[in-house]
Structure formats: structure tokens, C-alpha cells
Amino acid sequence: MILVPAAVPRTAPAFQRLIDPEQRPAVRAGLAVEALPPGVRVEQLPYESVESVTVVLSGRLFAAGRILSPGEALHHRPGTSYRLTAVRGAPTTVLTVRPVPLRAAIPCQRSDSGAGPGWRQVEVGTVRLDPAGTCGPYADRAADAFLVVLSGAAVFLGELGEVPVIPGDLVYVRAGERYGLRAGRRGPVVAVLGRVGASGTALGPEWDSRPVRSGRAGGDG
């Protein structure tokens, strides 16, 4: 388990590499966070061999002809450039996820919904939990997983036991490690949950990119 406290910047502009594959060769993706001042437009250069995924963590983002809110993600095909514009009014913070290129890549499919795009290795969803609600724990040998708390206080359920997490914290786990989330009793929790699978492996069916239904302690997440 890799815990990055206060991973989401509070001021803009700001840029930080959160998970760097060059420093951590065992991970399956690189994660970086960037805070954009209101109205700023940036153009991302293409990654030729793999997709990249933009996840909004705060504020609002205009991209691909639509406005994205916190928790929403946009997938970019390999070899494509794209423009991102922070909507005026408040800074916008985005998380960029880029899978590590693999040799002899085989198209990836989602087992829960049939064949998916052959270039897609990343799935991202929003988890919303009622007070004391639980999501997981899961143990996925086919994919790494990451989680970013957007609002509310919670406890991460992992290999090291229970670890308190608050808004802005990021947790990354490698394939095979247990991971889950339990909301505190004082209020609901919203978090981004993502998975990065190796090419040619299925990414389900125990979790998918749809929002996870809120749950109570002791019930299904």
C-alpha cells in the first residue's frame, strides 16, 4: 500500500507526481495531479503507446465538448492530444492516470459488459457511502487500484489494517493487495476509485466503473 496524504493541491497553479513508475517499478500506472487556475487552458501531448485518463477532483473542467464535475473521468486514446479548460469561478484539480506501457500488448476486455475498447486498461468510478457504509474489501490479482477521497472522513481497509483517510488523501495498492473503504459515522463519504489492469486481463466482475451504491455498515457497498 502506498499512502499519499494531502495529494490534492489547495492552490493553483500546482503540479505533483504522486505515483512515479520510474521510482516504483512494480506499479502499473503513473499518477500525477495538477491544479489549474480558473479559465486556464492546457494542451496535453499524446502518449503514443497507451491511453491516458483525466479525472476531475475539484472544480469543473471543459473537455471534449462537455463540462466534467468532480468524480467524472475522460479517457484519451493512445496517440491523441487533447485540450483541457478550467471553468471560471474556482481552481480545477485533475488527476492524470497513465498505464505503464507493456510489451506485446493484448486487447483488454471488461468481463462484466462484454468487449470494451482494446486500448483501455483503466476503469474509474465514484464511490458514495452513507455514514458507516462500507465498500469492499476487495482483492484483485488482475489489477492495481487507487482511491482518492473527495469529501468526508473514512477508514481505508487494506493489508496494513485500518488507516484513517481524509479529503485529498490518495491510496494506491498493487495487484493482489486487499483494499476497501468505510465511511465515518458523522457523515457521508465520496471518493474516486480506479483500477489499472494488465493488457489481456479482465477487470471484473466484482467491481466496475459505474457508481457504487451507498451502503450501511455490515451491508453491501
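Residues numbered from 1 in each chain as written. Predicted model: local features only at pLDDT ≥ 70, side-chain atom pairs only at ≥ 80, totals over all residues. Heavy atoms only, no water.

Regarding the overall build of the chain
Phase 1: Within the chain, the secondary structure is distributed over 0 helices and 18 strands.
Phase 2: Taken across its 221 residues, the chain has 46% of its residues classed as buried.
Phase 3: Considering only residue pairs separated by 6 or more positions, the chain has 73% of its internal contacts joining residues 24 or more positions apart.
Phase 4: In the form shown here, the chain has an accessible surface area of approximately 10,800 Å², with 50% of it arising from carbon and sulfur atoms. (Helix = DSSP H or I, 4+ residues; strand = E, 2+ residues; numbered from the N terminus. Buried < 20%, exposed > 50% of the residue type's maximum accessible area, 1.4 Å probe, protein only. Contact = heavy atoms within 4.5 Å. Areas by Shrake-Rupley, 256 points an atom, 1.4 Å probe, with all protein chains shown as cover.)

As for the pattern of salt bridges
Phase 1: Scanning all chains against the criterion turns up 5 salt bridges.
Phase 2: Asp140 serves as the salt-bridge partner of Arg195, at 1.7 Å between the closest nitrogen and oxygen. With Arg195 in strand 18 (residues 189-197) and Asp140 in the loop between strand 12 (134-139) and strand 13 (143-151), this pair connects stretches of sequence that are 55 residues apart.
Phase 3: Connected via shared salt-bridge partners are Glu123, Asp140 and Arg195. (Salt bridge = Lys/Arg side-chain N within 4 Å of Asp/Glu carboxyl O.)

A word on the nonpolar core
Phase 1: Ranked by internal contacts, the top residues of the largest apolar core, which has 23 residues, are Leu31, Leu95 and Leu170.
Phase 2: Ranked by size, the runner-up nonpolar core spans 19 residues in total, among them Val149, Ala154, Phe156 and Leu193. (Core = buried A, V, L, I, M, F, W, Y, C linked by side-chain atoms within 4.5 Å.)

Describing the sheet that holds strand 13
Phase 1: Spatially, 5 strands are ordered 1-16-13-18-11 in an open sheet, and the strand pairing comes out antiparallel. The open sheet terminates on both sides in strands that have one partner only, identified here as strand 1 (2-4) and strand 11 (122-129). Averaged over all neighbouring strand pairs, the angle between strand axes comes to 15°, with direction disregarded.
Phase 2: Alignment of strand 1 against strand 16 (residues 170-173), held across 3 bridges, turns out to be antiparallel. Looking across to strand 16, one finds that Val4 is bridged to Leu170. (Pairing = 2+ DSSP bridges. Axes fitted to C-alpha atoms, helices over the stretch in contact; angles between N-to-C directions.)

Let's talk about the sheet that holds strand 5 (residues 52-58)
Phase 1: Within the open sheet, the 5 strands sit side by side as 2-3-10-5-8. Their pairing is antiparallel. At either end of the open sheet lies a strand with only one pairing partner, and these are strand 2 (14-19) and strand 8 (73-76). Each adjacent strand pair in this sheet contributes to an overall mean axis angle of 20°, direction not counted.
Phase 2: Taken together, the 5 bridges between strand 5 and strand 10 (residues 92-99) define a ladder with antiparallel strand orientation. From the neighbouring strand, Val53 faces strand 10, where its bridge partner is Val97.

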